[in-house]
Amino acid sequence: MAGEPQSDCLFCKIVSGDIPATIVRESATTVAFRDINPQAPTHVLVIPRVHYPDAAALAAAEPQIAADVLREAGEVAADEKIVATGYRVILNTGSGAGQTVFHAHAHVLGGRGLQWPPG
């Protein structure tokens, strides 16, 4: 069921504490942790505690929690001291866009120049 923890989901296991992660922030609705394969000096994932397969599904079902993810992304950027130099928040949807874990999440990247378009 949407919103419920999934036994085969890596991020649900991080939320539950069954898999360790380097957590940098937590709120009632979100968890933020360092990416294990960083693409920039700062690369933090912000995930909702509830399980939805992607950001669009999360926003449609629980818009306040989607907003919480974005607010926490900004808080991560402030904590990491990358606001002044700029940062990127990325929400990949689908394997063709690079999504590898199908639990909604935002990437917060910064600490180096981030050209556009990426890739």
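Residues numbered from 1 in each chain as written. Predicted model: local features only at pLDDT ≥ 70, side-chain atom pairs only at ≥ 80, totals over all residues. Heavy atoms only, no water.

### Describing the overall build of the chain
What counts, and what does not: Only runs of H or I of at least four residues qualify as helices and only runs of E of at least two qualify as strands under DSSP, and these elements are numbered from the N terminus. In this setup the radius of gyration rests on C-alpha atoms only. A globule is expected at 2.2 Å times the number of residues raised to 0.38. Contacts were defined at the residue level, with two residues in contact if any of their heavy atoms lie within 4.5 Å. Each accessible area is a Shrake-Rupley estimate made with a 1.4 Å probe; only the visible protein chains count as cover when residues are assessed.
Helices and strands together make up the secondary structure of the chain, namely three helices and five strands. The helix and strand sequence of the chain, counted from the amino end, reads α-β-β-β-α-α-β-β. In terms of overall dimensions, the chain is globule-like: its C-alpha atoms have a radius of gyration of 14 Å, near the 14 Å expected for 119 residues. Summarising its shape, the C-alpha atoms of the chain cover approximately 40 × 30 × 25 Å along the three principal directions. Across the chain, the fraction of contacts at a sequence separation of at least 24, relative to all contacts at a separation of at least 6, is 52%. On the chain, roughly 6,500 Å² of surface is accessible, and the fraction owed to carbon and sulfur atoms is 56%.

### Description of the packing of aromatic side chains
We count it as follows: Classification of ring pairs rests on two measures: the distance between centres of Phe, Tyr or Trp rings, Trp counted by its six-membered ring, which must be within 6.5 Å, and the angle between planes, read as stacked under 30 degrees, edge-to-face over 60 and tilted in between. Each residue is assigned to one of three classes by its accessible area relative to the maximum for its type, calculated with a 1.4 Å probe on protein chains only: buried under 20%, partly exposed between the two thresholds, exposed over 50%.
A full pass over the atoms with the stated rule returns one aromatic pair. Look at Phe-11 and Phe-33: their rings are 5.5 Å apart centre to centre, the planes differ by 75 degrees, and that puts the pair in the edge-to-face class. Residue Phe-11 is found in helix H1 (residues 10-16), and its partner Phe-33 is found in strand E2 (residues 30-34); the two are separated by 22 residues along the sequence. When sorted by exposure, Phe-11 lands in the same class as Phe-33, which is buried.

### Things to note about the pairing of strand E1 (residues 23-26)
Test applied: For two strands to be treated as a pair, DSSP must find no fewer than two bridges joining them.
With three bridges connecting them, E1 and E2 associate as antiparallel partners. Bridge assignment links Arg-25 to a residue of E2, and that residue is Ala-32. Hairpin connection, E1 to E2: the antiparallel pair is bridged by three residues.

### Examining unusual backbone geometry
At Lys-81, a position not held by glycine, the phi torsion is positive, near 60 degrees. Along the chain, the position of Lys-81 falls in the loop between helix H3 (63-79) and strand E4 (87-90). The exposure class of Lys-81 is exposed, given its relative accessible area of 69%.

### A closer look at the pattern of salt bridges
Rules: Salt bridge, as used here, is a side-chain nitrogen of Lys or Arg placed within 4 Å of a carboxyl oxygen of Asp or Glu.
As enumerated under the stated definition, the model contains six salt bridges in all. Note that Glu-72 and Arg-25 form a salt bridge whose closest N and O atoms lie 2.6 Å from each other. Linking Glu-72 in helix H3 with Arg-25 in strand E1, this pair joins segments that are 47 residues apart in sequence. According to the relative accessible area criterion, Glu-72 is buried, its value standing at 4%. One salt bridge in this structure joins Arg-71 and Asp-68, with 2.9 Å as the shortest N-O distance. Here the residue Arg-71 and the residue Asp-68 both occupy positions in helix H3, the gap between them amounting to three residues, near one helical turn. Here Arg-71 falls in the partly exposed class, since its relative accessible area comes to 43%. For Asp-68, a relative accessible area of 7% gives the class buried.

Functional significance is not addressed by these values, which are geometric in nature.
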